Every structure is written in structure tokens, then in C-alpha cells.
Amino acid sequence: MTLADTKPQALDFECETGNYHTFCPISCVAWLYQKIEDSFFLVIGTKTCGYFLQNAMGVMIFAEPRYAMAELEEGDISAQLNDYEELKRLCLQIKRDRNPSVIVWIGTCTTEIIKTDLEGLAPRLEAEIDIPIVVARANGLDYAFTQGEDTVLAAMAHRCPDKAPVLEAEKKERNAISTLLNFGKHKDDVATADSEYHDHPPLVLFGSLPDPVVTQLTLELKRHGIKVSGWLPSKRFTELPVLEEGYYVSGVNPFLSRTATTLMRRRKCKLIGAPFPIGPDGTRAWIAKICSVFGVEPQGLEEREAQIWQGLEDYIQLIRGKSVFFMGDNLLEVSLARFLIRCGMTCPEIGIPYMDKRYQAAELQLLEQTCSEMGVPLPRIVEKPDNYNQIQRIKDLNVDLVITGMAHANPLEARGISTKWSVEFTFAQIHGFTNARDILELVTRPLRRNHSLKDLGWDKLVQEAASV
Ligand code: SF4
């Protein structure tokens, strides 16, 4: 055997024009205001941003959400009105009506272009109205969709306390995770329960996940004696985790590279670079990596993964041997593709808005390893894809399933190509062992539906172009 044979094939990265559909990053307010219960999000932009949010959030806008638009007027743009006074008026109104623990200002394209100094105004106003103001520039000029959460969390990382407060005991009582984990136990039992954990440096996880998933992942690590000291973000702004120098941090989502950088550079934390806990393979690799950093031998992890795979077999049968194409719009693509390849699919192309090769290094390595173990070719990774070119490639490759945004879903379906709407992966619960089934439920849904309708013979609904 020569050396060249053993060398794994390298991934092929390309970069196109960036002419693709995705959600504007201000959409992150939709899930973050629900996650951080005492927050209020103020999006400082124009009617364009307002229309987008109003439509993208669907029925949620009727539930008195804790977000609002500060709509800029002609007078703001031409600097005839005073930005500070206008924002103060709005923030005082928010304080009076909702009394939040934090107001998050979301900067938009317009505030970038007219160079509104949000970072400069915030500390002054914060001192005056006595509510913390966090500034995140989640605009469509710089970022795509889920990266909005990244900018908010990077800004919040600065607000995490750097020392455990004196009232820690009392605070712990209110902390949702520990209350849940210790539900129904006596104080003494809780103290003994602490000894179930290995002695390791504090670990804080970052990434906004629904509360049930937070509990699931916290418990998965607890099985191996790893204690999660806190989550960024927490359920309440007032309960942000303590971040001291030398704490370990690990991300649960692939789009949090700025947050990771802030935690390392500004808060002097140590990042555990692991594949993300999406799919049973990813979850196992994530837990194994955290355990290895703390020198803990994971117990029964392989068996647990095998058991989950067994439960997925009925879904896997539907997709094995089929091909999937990611047009790319939410940065979850590499992790999802890696899981689907492990399920037996092939993937010719992974489109992705932005690729941080350092933050995603472990995930990319697992992708390569998965492809070689499954004996399938490595996908090409297309950063900043061009949707027009992608449509041509989808046609040429004759793929079975395209994961794409709503703009292309119906036109592709009408041409007989099954599609799955990519945004659902952002809102569904996809992390950890137990949610792997939900991912496959989403992926197989269009295939199951089209299979049951196939006898109707209506798989192509557009007129072929007339040849003259
Ligand atoms: S892309 Fe810019 S203008 Fe459009 S909704 Fe987003 S922030 Fe507003």
C-alpha cells in the first residue's frame, strides 16, 4: 500500500457569487425573545425590515411578542431628528409597558449605511434609564439568517458576570436547569448528587436551544459525570452564566463562530472544538470530545448511539441510496449532510452562506470520515452559493431531494423534484440523541408524500418549453 492510498481525500471548497436566498439575520429576534423571557428586542430599521419580520414570524405576531420596530423616518436619515432623544423616548415607553431586564437593539442595513453610532449611544442611555442595553448589528449587509443569533450572543458574552456572585446559593434556587434536575429532592440529596460529577473545570455551553433540549443535553452529559455550569443564553438575562478566565466552553450550533471567538479572546475561555450534537453520530462525537478534554472515560456511549440508530431504521430505509442537495441558507448544512450521509444518502453539494473552517474543523473532519466509512464521494462545499447556477446543477444531477428555501421549493416541486423547506430545521428540535428521529421525520416527509401521490401521475406540472 502506498502512502497516497491511505491519505483521505480532501474536501473541495468553492466560493460563488453570494446570489442566494436566505432569511435576514434580524429574524433571530423570533426565537431569542422566546428563549430569553425577560428581554425586549428593538429592531432599528425601516418598513422593509418590519414587513419581513411580520411575514416571516407568521402567527407569532398576534401573540404580543416582546419585539418592536423603531422605524426610521426621513428626519432620522437626514439627521434632523436627534437619534438619542428618539431612542430614549422609545426605550422609556418599553420600560413603562413591559419592564424588561434587558433591551437588545438590533442594528440593520440602514443604521449601518447612515452610520448610527448605536454602540456609542447605548451606554449613555443605559445609565440614564437604568436598564441594560445590548447592541447587536444583525444586518443583511454582513450576515445570513442564523448568524443573527451569533451577533446577539457575542454581544451578550460581554455581560456574563466574571465572578460567581455572593448570592450564588439563592440564585441557584432560581436557576431553571438546576431546579429541574433537582426537582423533588432534599437539599442534602442535592449535595450528594454533586459528588456524582467528576472533578473537572467549569463548562459553559453556548447556543440558544428550546428548554426541553437544554435539559436533554445537560442530562446526557450528566450521565458521564460532566456538569454543565451554565448556558449562554440562559432562560433569563439576569441568570447569564458566570465566565471566569480558564472556563471551558463548547458550542451546540455551527453558526456561532463570532460568539466562540469572543469567548476565547475577550473572556479568556477555552473552546472545546467538537462536531455538533446533531444526529446520533454527531451527539456521540460531541460528548466523546468533551469527555476526552476532561479526561473522563465515557460509559456506554457506543451502546446508546447504536440503540438510537436501531430506532431510526424505518425512516432510514426510505432514504438509503438517495441523493440530497443543500442549496444552503442557514449554516446547519454541514452537520445535517454528515448525518444524512451516515444514514446512507449521497450528497453531491453542500451550499452554505459562510464557512468558518476553524470553528467547524471537527465537524468537517467528521464529514470526511463519514464519507470514507460509507464509501461515498465527498460533497463539494459551495460557500456563498449562486442559486441560479445551483438550479442548473440540480437539473443536471437529477437529485432526489433538495433542501432549500420557500422561494425555490414550489417551482422545483412542480418540476418533479422533491424539496424540503430548510427553515424548518432551524425551528425544529434537532439536537441530541432523542431528536434524531425528528430530523428524519422532516427529511422523509416530502418523499413519503410524493410516494403516496405518485400513482396520480401529476409529478410534473409545468409546461415544457416549446421547441421551435
Ligand atoms: S436585509 Fe437589511 S433592510 Fe432587509 S430586512 Fe434585513 S436588516 Fe432590514
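Computed from a predicted structure; not experimentally measured. (Residues numbered from 1 in each chain as written. Predicted model: local features only at pLDDT ≥ 70, side-chain atom pairs only at ≥ 80, totals over all residues. Heavy atoms only, no water.)

A. Seen up close, the pairing of strand 14 (residues 418-421). For strand 13 (residues 401-404) and strand 14, the ladder comprises four bridges, and the chain directions are parallel. For V402, the partnering residue across the bridge sits in strand 14 and is T419. Each parallel crossover has a hand, and for strand 13 linked through helix 19 (residues 406-414) to strand 14 it is right-handed. (Pairing = 2+ DSSP bridges. Helix = DSSP H or I, 4+ residues; strand = E, 2+ residues; numbered from the N terminus. Right-handed = clockwise from strand over helix to strand, strands pointing away.)

B. Quick peek at the site of the ligand. Around the ligand sit C24, I26, C49, T108, C109 and G140, and that is every residue in its neighbourhood. When grouped by side-chain class, the residues that make up the shell around the ligand number four nonpolar, two polar and no charged. (Near = heavy atom within 4 Å. Nonpolar A, V, L, I, M, F, W, Y, C, P; charged D, E, K, R; others polar.)

C. Representation of unusual backbone geometry. Residue P233 follows L232 across a cis peptide bond; omega there is 0°. Topologically, P233 is positioned in the loop between strand 7 (228-232) and strand 8 (248-251). Within the chain, K268 stands out as a residue other than glycine whose phi angle is a positive 55°. When you line up the elements, K268 lands in the loop between helix 13 (257-265) and strand 9 (270-271). Even without being a glycine, N398 presents a positive backbone phi close to 55°. Within the secondary structure, N398 is located in the loop between helix 18 (387-397) and strand 13. Under the relative-accessibility criterion, N398 is labelled exposed at 62%. (Buried < 20%, exposed > 50% of the residue type's maximum accessible area, 1.4 Å probe, protein only.)

D. Structural view of the UniProt feature "binding site: [4Fe-4S] cluster" (unreviewed entry) in the protein chain. Residues given the UniProt feature "binding site: [4Fe-4S] cluster" (unreviewed entry) here are C24, C49 and C109. A maximum C-alpha distance of 10.2 Å places the annotated residues, which cover 86 residues in sequence, within one compact spot. Overall, the relative accessible area of 23% leaves C24 in the partly exposed class. Those residues in contact with C24 that lie beyond four places of it in its chain are F52, G140 and F145. Checked against the element boundaries, C49 lands in helix 3 (residues 47-56). In this structure, C49 is in contact with I26, M69 and T108, ignoring residues within four places of it in sequence. (UniProt positions renumbered as here; feature names shortened; annotations may be inferred. Contact = heavy atoms within 4.5 Å.)

E. Fine view of the packing of helix 2 (residues 28-35) against helix 8 (residues 147-157). Relative orientation of the contacting elements helix 2 and helix 8 amounts to 45°, with a least axis distance of 9 Å. Taken together, the axes of helix 2 and helix 8 are oblique relative to one another. You can see that helix 2 and helix 8 cross each other, and the crossing is right-handed. Residues C28, W31 and L32 of helix 2 touch helix 8, and the partners they reach there are G148, E149 and V152. Its residues assigned to classes, the contact of helix 2 with helix 8 shows four nonpolar, one polar and one charged. (Axes fitted to C-alpha atoms, helices over the stretch in contact; angles between N-to-C directions. Parallel < 35°, antiparallel > 145°, perpendicular 65-115°, else oblique. Left-handed = near helix turned anticlockwise from the far one by under 90°.)

F. Summary view of the environment of I44. Position of I44 relative to the elements: it lies in strand 2 (residues 39-45). On the basis of relative accessible area, I44 is assigned to the buried category, the value being 3%. Counting along the chain gives 65 residues from I44 to C109, while the straight-line C-alpha distance between them is 9.4 Å. If we skip the residues at most four places from it in the chain, I44 touches A70, L72, L87, W105, I106, T108, T111 and L118.

G. Focus on the packing of helix 16 (residues 333-342) against helix 21 (residues 436-453). One way to put it is that helix 16 packs onto helix 21 with a least axis distance of 12 Å and a crossing angle of 85°. The angle between the axes of helix 16 and helix 21 places the two elements in the roughly perpendicular class. Contacts from L336, F339 and L340 of helix 16 reach helix 21 at A436, I439, L440 and V443. Looking at the contact of helix 16 with helix 21 residue by residue, the class counts come to seven nonpolar, no polar and no charged.

H. Spotlight on the environment of Y315. As for its placement among the helices and strands, Y315 is situated in helix 15 (residues 301-319). Separated by 133 residues in the primary sequence, Y315 and R448 have C-alpha atoms spaced 9.9 Å apart. Among all residues touching Y315, those that are not within four sequence positions of it are R437, L440, E441, T444 and R448.

I. Inspection of the sheet that holds strand 8 at higher detail. An order of 7-6-8-9 is seen for the four strands of this open sheet, with the pairing classed as parallel. Strands at the two margins of the open sheet, each flanked by one partner only, are strand 7 and strand 9. Strand direction decides the pairing type here: strand 8 and strand 9, joined by two bridges, are parallel. Of the residues in strand 9, the one forming a bridge with Y248 is K270.

J. Fine view of the pattern of salt bridges. Tallying each qualifying case throughout the model produces 29 salt bridges. Here K235 ties to D211 by a salt bridge, and the two come within 2.8 Å at their closest N and O atoms. Of the two residues, K235 is situated in the loop between strand 7 and strand 8 and D211 in helix 12 (residues 211-223); the sequence distance between them amounts to 24 residues. Here R284 and E302 are joined by a salt bridge, their closest N and O atoms 3.7 Å apart. Linking R284 in helix 14 (residues 279-293) with E302 in helix 15, this pair joins segments that are 18 residues apart in sequence. For E302, a relative accessible area of 53% puts it in the exposed group. Residues joined in a network through salt bridges with shared partners are K420, E424, E441, R445 and R448. (Salt bridge = Lys/Arg side-chain N within 4 Å of Asp/Glu carboxyl O.)

K. Quick peek at the sheet that holds strand 14. The strand order 1-12-11-10-13-14 describes an open sheet built from six strands, whose pairing is parallel. The open sheet has two edge strands with one neighbour each: strand 1 (12-15) and strand 14. Strand-to-strand, the axes of this sheet are offset by a mean angle of 20°, without reference to chain direction.

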